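Secondary and tertiary structure notes
What follows is each chain in one-letter form.
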Amino acid sequence: MNETSPAPVAQAPVPRKTPTAADGATRTPRPAAGQRIAELLQRQGVLAVLLTVVIVASFIYPTFATLDNARGVTIQASFLAVVALGMTMVIITGGIDLSVGSVFALGGVLAAWASQWGFLAALFVPLLVCGAIGLLNGFLVARAGMAPFIVTLATLLGARGLLLAFTDEGATTYLVPKGSAFAELGQGSVWGFGYPILIALALFGIGGLLLQRTSFGQTLFAVGGSSDAATLMGLPVARTKILVYTLSGLLAGLAGALNAARLSSGVTIVGVGMELDAISAVVIGGTLLIGGAGSISGTLWGVLLLAVIQNLINQIGSLNSSYQSVVSGGFLIVVVVAQRYLARSRRTT
């Protein structure tokens, strides 16, 4: 009888040993130097530009490096900063909110109108209405599957129309009672720095903690990186989008209320183009327009950079404020090109 030869036994490949440290622990591979530099530039490049501009301007214009000028720059930047904070979270999720400028103006008018009934009414009425507009944006984007650009463009027009209807086409201006607690919220100060500045800094501190230290922040990055992958991971994608758009509306309304308290009136013509300034500050601060990456601190530096540019234009004197748009647009183009280059560098290292 012929014997059947046994089939050859496949041998498993010998696993390669991972280099270990002296104590036997597995050594985590380090990112390449080029990748680390690209990540650092994307996160903190705007801060380096801001410091450079401030140092150079301080030598050229003696009045620039004064405490009074710093207070003026920061108080003007605080309102845009609050709006840009909400915009940062929206853009990180891969969305956009074009309605914040109109919501900002509407919030100011509602706050001035409601201030006749006291501090709480002046604060909560704009928050309620503007938060509802943000909630509508989030619901249409997350549940109805509509494009954020179209949805927020529609609410931009709707909020501005509601503002005009409420003020009789701008003919009626509501005033904040002088000496009221609400007026003090916009005009009071601590150590010479106005309450709006302190409120903006507190909100940025809270926003930074939410983004970096909580599961909510990690969900924002996951949704912006890939909404489908986040859904497969079991993350609440729709609820997260609704929440960030609602927060954007609330913060825009709060900024408008603070501005009304500062000016002691609900000015109807404010907020035009503010959504573009907020987007510029966010993108200049290193947040990717496609979503999935960004930082709260970067947005703060971006807001301050735009405010410093505006102040420098005022310092020059021979240029009008329209040049700020030219300079801001130039910065935005440079930053977007740099982001594409840095992202390509990180993929190839």
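A quick note: this is a predicted structure, and the numbers were derived from the prediction, not measured.

Turning next to the overall build of the protein. Within the protein, the secondary structure is distributed over 13 helices and two strands. Burial status across the protein gives 43% buried among its 349 residues. Within the protein, counting contacts between residues at least 6 apart in sequence, those at least 24 apart form 75% of the total. Just so you have it, the protein exposes about 18,300 Å², and 66% of that area is on carbon and sulfur atoms.

For the rest of this paragraph, the subject is unusual backbone geometry. Its identity as a non-glycine residue notwithstanding, Asp168 has a phi of 55°, on the positive side. By the secondary structure assignment, Asp168 is in the loop between helix H5 (148-166) and helix H6 (181-187). Not every positive phi belongs to a glycine, and Ser264 is a case in point at roughly 65°.

At a closest axis distance of 8 Å, the pairing of helix H2 (residues 67-92) and helix H11 (residues 274-284) adopts a crossing angle of 65°. Taken together, the axis directions place H2 and H11 in an arrangement best described as roughly perpendicular. Along this stretch, H2 crosses H11, giving a crossing that reads as right-handed. Residue-level contacts link Phe79, Leu80, Val83, Ala84, Met87, Thr88 and Ile91 of H2 to Met274, Glu275, Asp277, Ala278, Ile279 and Val282 of H11. Tallied by class, the residues present in the contact of H2 with H11 amount to ten nonpolar, one polar and two charged.

Another point: the packing of aromatic side chains. Considering all chains together, one arrives at four aromatic pairs under this definition. Look at Trp113 and Phe166: their rings are 5.3 Å apart centre to centre, the planes differ by 90°, and that puts the pair in the edge-to-face class. Highlighted residues: Trp113 in helix H3 (residues 100-114) and Phe166 in helix H5, separated in sequence by 53 residues. Looking at Phe166, the relative accessible area reads 25%, which means it is partly exposed. Between the aromatic rings of Phe166 and Tyr174, the centroid separation amounts to 5.4 Å while the plane-to-plane angle is 40°, which identifies the pairing as tilted. Through successive ring pairs, a cluster of aromatic residues spans Trp113, Trp117, Phe166 and Tyr174. A cation sits over an aromatic face here: Arg71 above Phe193, 5.7 Å from the ring centre.

Membership of the largest hydrophobic core comes to 75 residues, with the highest contact counts inside it found for Val83, Met87, Phe182, Leu220, Val244, Ile279 and Val303. Considering each element in turn, this core owes the most residues, 14 residues, to H2. Ignoring any residue separated from it by four or fewer positions in sequence, one finds Leu220 in contact with Met89, Ile92, Thr93, Leu211, Thr240 and Val244.

A rise of 1.5 Å per residue sets the reference length of helix H4 (residues 119-142), with its 24 residues, at 34 Å; its end C-alpha atoms lie 34 Å apart and thus fit the reference within 8%. Turning to H4, the residues buried within the fold contact H3, H5, H6 and helix H10 (237-263).

Next up on the list: a nonpolar patch on the surface. Among the surface-exposed residues, Leu51, Ile55, Val56, Phe59 and Ile60 lie close enough to one another that they form a single nonpolar patch of about 540 Å² accessible area. With respect to the helices and strands, the residue Ile60 is situated in helix H1 (residues 33-60).

Among the secondary structure elements, Ser265 is positioned in the loop between H10 and H11. For Ser265, a relative accessible area of 12% puts it in the buried group. The spatial distance from the C-alpha of Ser265 to the C-alpha of Ala183 is 9.4 Å, given a sequence separation of 82 residues. What Ser265 contacts, discounting residues up to four positions off in sequence, is Ala112, Thr173, Tyr174, Leu175, Val176 and Ala260.

This part covers the pattern of salt bridges. One side chain can pair with another of opposite charge once the charged atoms of both are near each other. Under the counting rule described, the total for this entry stands at one salt bridge. Note that Arg71 and Asp68 form a salt bridge whose closest N and O atoms lie 3.4 Å from each other. With Arg71 and Asp68 both in helix H2 and three residues apart, this pair spans about one turn of that helix. Classification of Arg71 as partly exposed rests on a relative accessible area of 24%.

Here the focus is H10. If you check H10, its first and last C-alpha atoms are 39 Å apart, about what 27 residues at 1.5 Å a residue would give, namely 39 Å. Among the 27 residues that make up H10, 21 are buried, leaving the element largely enclosed by the rest of the structure. Positive phi appears at Ser264, one or two residues downstream of H10, with a value of about 65°.

The next point concerns the confidence of the model for the protein. Residues at a pLDDT of 70 or more form 81% of the protein, whose mean pLDDT is 82. No element of the protein has a lower mean pLDDT than helix H13 (residues 322-348), at 67, and none a higher one than H4, at 94. Counting contacts from residues 1-30, a segment whose pLDDT is below 50, to residues more than four positions away or on other chains yields eight contacts.

As a packed pair, helix H7 (residues 195-213) and helix H8 (residues 215-225) sit with axes 5 Å apart at the nearest point and diverge in direction by 70°. Here H8 runs roughly perpendicular to H7, going by the angle between their axes. Contact with H7, carried on its side by Leu210, Leu211 and Gln212, involves Phe216, Gly217, Gln218, Leu220 and Phe221 of H8 and no other residues of that element. Looking at the contact of H7 with H8, its residues break down into five nonpolar, three polar and no charged.

About the cut-offs
- Residues numbered from 1 in each chain as written.
- Predicted model: local features only at pLDDT ≥ 70, side-chain atom pairs only at ≥ 80, totals over all residues.
- Heavy atoms only, no water.
- Helix = DSSP H or I, 4+ residues; strand = E, 2+ residues; numbered from the N terminus.
- Buried < 20%, exposed > 50% of the residue type's maximum accessible area, 1.4 Å probe, protein only.
- Contact = heavy atoms within 4.5 Å.
- Areas by Shrake-Rupley, 256 points an atom, 1.4 Å probe, with all protein chains shown as cover.
- Axes fitted to C-alpha atoms, helices over the stretch in contact; angles between N-to-C directions.
- Parallel < 35°, antiparallel > 145°, perpendicular 65-115°, else oblique.
- Left-handed = near helix turned anticlockwise from the far one by under 90°.
- Nonpolar A, V, L, I, M, F, W, Y, C, P; charged D, E, K, R; others polar.
- Phe/Tyr/Trp six-rings, centres within 6.5 Å; stacked < 30°, edge-to-face > 60°.
- Lys NZ or Arg CZ within 6 Å of the ring centre and 35° of its normal.
- Core = buried A, V, L, I, M, F, W, Y, C linked by side-chain atoms within 4.5 Å.
- Expected span 1.5 Å × (residues − 1).
- Patch = residues over 30% accessible without salt bridge, like charges linked within 9 Å, V, L, I, M, F, W, Y side chains within 5 Å.
- Salt bridge = Lys/Arg side-chain N within 4 Å of Asp/Glu carboxyl O.
- pLDDT = per-residue confidence, 0-100.

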